[in-house]
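# Structural characterization, general
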Amino acid sequence: MASSFGNYHTHTRHCDGQGEPREFAEAALRKGMPRLGFSGHNVVPFPTDWTMPRENLESYLRDVRELKRRYQDRLEVFLGIEADYLPDITSPSHPRIRGLGLDFVIGSVHFVTPTAGAHAWTVDGPLEELEAGLKDGFSGDVRALVERYYRLIAEMATTTPPDIIGHFDIVTKNNRDNRFFSEEAPWYRAAAREALEAVARSGSVLEINTGGIVRNTSGILHPSEWILSEARKMGAPVMVNADAHRPDDIDGHFSEAVALLRSLGFRAQRQLTSRGWVEAAL
Ligand SMILES: [Fe+2]
């Protein structure tokens with residue numbers, strides 16, 4: 001079924017995705033989608049195997065801008081970036097990112113460090129990486145790690161609010177079957193709720209990211225259902241994104257996510273269009 005919504009979370013071969021921007025645009029047309037946003041991972045000043053290599057940034061910007069022009073009669077294309085919040089190093093409103101002339105920015109926390117600027121490892125990486133980071137940075141204290149993660153989300157929303165907050169509770173990605181903690185624990189709920197309140201105050205759009213299901217990593221939507229129902233009570237705007245790393249995944253599990261939003265009482269999701277940001281009925 002054709003989706004009447006766009007996807008704004010798309011990674012091409014310029015970072016850790018597969019495929020040229022044009023192949024993603026062709027997939028959008030095939031699927032009857034009205035618009036598509038690209039969100040390559042930003043460049044960070046240390047090596048990773050998933051952020052954009054500095055030498056790819058220019059071609060990423062050029063290729064997506066070119067696509068915008070070439071497809072303007074058929075598809076609304078938007079140029080964005082998924083920017084990390086890493087205190088003292090980079091943020092969604094860092095001058096280097098602001099200077100790129102982007103249409104939108106997704107702000108995400110992947111690196112969870114006990115203090116600013118410390119050794120960076122990713123919270124949504126392989127299990128072994130999380131276990132090592134937990135041991136080295138937090139002496140094995142999972143609660144300290146999770147509370148730090150949500151403080152970083154709150155700080156990002158308060159001090160450098162991006163257009164979209166990426167995968168709000170990705171800190172649970174490796175927590176299948178409550179491997180590390182219970183998501184019903186009062187301390188967990190308090191930490192997540194406090195960050196969510198900061199997001200709701202910021203005006204940033206809360207993303208419902210289907211990537212954990214599409215790529216079968218966590219197997220769930222991010223954020224989880226209770227966070228979404230809290231978000232509805234707080235009046236936070238939301239949008240469904242696929243976190244696509246392959247052209248065919250750009251609408252992955254959209255219908256399930258939209259059905260969940262409806263069941264929770266949401267009536268619309270926020271979309272970026274050629275007329276600017278709008279509320280699109282679900
Ligand atoms: Fe991400």
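Data block above holds the structure.
Residues numbered from 1 in each chain as written. Predicted model: local features only at pLDDT ≥ 70, side-chain atom pairs only at ≥ 80, totals over all residues. Heavy atoms only, no water.

### Comments concerning the layout of surface pockets
Condition: Both site types are read off a 1 Å grid over the protein atoms alone. A 1.4 Å probe that fits but cannot get out defines a cavity, while an open set with protein on both sides within 12 Å along at least five of seven lines defines a pocket; lining residues have an atom within 4 Å of a point. Grid points are joined across faces, edges and corners, and a volume is the space filled by probe spheres set on the points. Three categories are distinguished: nonpolar for Ala, Val, Leu, Ile, Met, Phe, Trp, Tyr, Cys and Pro, charged for Asp, Glu, Lys and Arg, and polar for the others, with Gly belonging to the last.
There is about 560 Å³ of room inside the largest pocket. What lines the largest pocket is a set of 28 residues, among which Asp124, Gly125, Lys173, Arg215 and Thr217 lie closest to the centre. Looking at the lining of the largest pocket residue by residue, the classes come out as three nonpolar, 15 polar and ten charged.

### So, the packing of helix α5 (residues 142-159) against helix α6 (residues 186-202)
Selection rule: Every axis corresponds to a line fitted to the C-alpha atoms, with the helix fit spanning only the stretch in contact, and the corresponding angles, defined between N-to-C directions, vary from 0 to 180 degrees. In this text, helices come from DSSP runs of H or I with a minimum length of four residues, and strands from runs of E with a minimum of two, each type numbered from the N-terminal end. Our angle categories are set so that under 35 degrees counts as roughly parallel, over 145 as roughly antiparallel, 65 to 115 as roughly perpendicular, and the remainder as oblique. It only takes one pair of heavy atoms within 4.5 Å for two residues to be counted as in contact.
Where α5 meets α6, the axes come as close as 8 Å, and the angle between the chain directions of the two elements is 10 degrees. Judged by the angle between their axes, α5 and α6 are roughly parallel. Of the residues in α6, those touching α5 at Val142, Arg143, Val146, Glu147, Tyr150, Ile153, Ala154, Ala157 and Thr158 are Trp187, Tyr188, Ala191, Ala192, Ala195, Ala198, Val199 and Ser202.

### Some thoughts on the packing of aromatic side chains
Selection criterion: Whether two aromatic rings pair depends on their centres lying within 6.5 Å, for rings of Phe, Tyr and Trp, where Trp uses its six-membered ring; planes under 30 degrees apart make the pair stacked, over 60 edge-to-face, and the rest tilted. Any residue under 20% of the maximum accessible area for its type is buried, any over 50% is exposed, and the rest in between are partly exposed; the area is computed with a 1.4 Å probe on protein chains only.
Counted under the stated rule, the structure contains twelve aromatic pairs. Here the aromatic rings of Phe24 and Phe38 are separated by 6.2 Å at their centres, their planes lie at 80 degrees, and the arrangement is edge-to-face. Here Phe24, found in helix α1 (residues 21-30), pairs with Phe38, found in strand β1 (residues 35-41); they are 14 residues apart in sequence, far enough to count as distant. Aromatic pair Trp50 and Phe111: ring centres 5.5 Å apart, planes at 35 degrees, arrangement tilted. Taken together, the positions of Trp50 in the loop between β1 and α2 (57-70) and Phe111 in the loop between β3 (104-108) and α4 (127-138) put the pair 61 residues apart, joining distant regions of the chain. The pair Trp50 / Phe111 is uniform in exposure class, with both members buried. The rings of Tyr149, Tyr150, Phe168, Phe181, Trp187, Tyr188 and Trp226 are connected pair by pair, giving a single aromatic cluster.

### Some points on the environment of Glu147
Structurally, the position occupied by Glu147 is in helix α5. Owing to a relative accessible area of 22%, Glu147 belongs among the partly exposed residues under this scheme. Distance in space between the C-alpha atoms of Glu147 and Ala195 is 9.6 Å, their sequence separation being 48 residues. In contact with Glu147, not counting residues within four places along its chain, are Trp187 and Ala191.

### Some details on the pattern of salt bridges
Pairing is possible between side chains of opposite charge, provided their charged atoms come close. Convention followed: Salt bridges are identified by distance alone: a Lys or Arg side-chain nitrogen within 4 Å of an Asp or Glu carboxyl oxygen.
Overall, the coordinates contain 13 salt bridges when judged by the stated rule. Across the salt bridge formed by Glu76 and Arg35, the nearest N and O atoms sit 3.8 Å from each other. Of the two residues, Glu76 sits in strand β2 (residues 76-84) while Arg35 sits in strand β1, which places them 41 residues apart along the sequence. For Glu76, a relative accessible area of 25% gives the class partly exposed.

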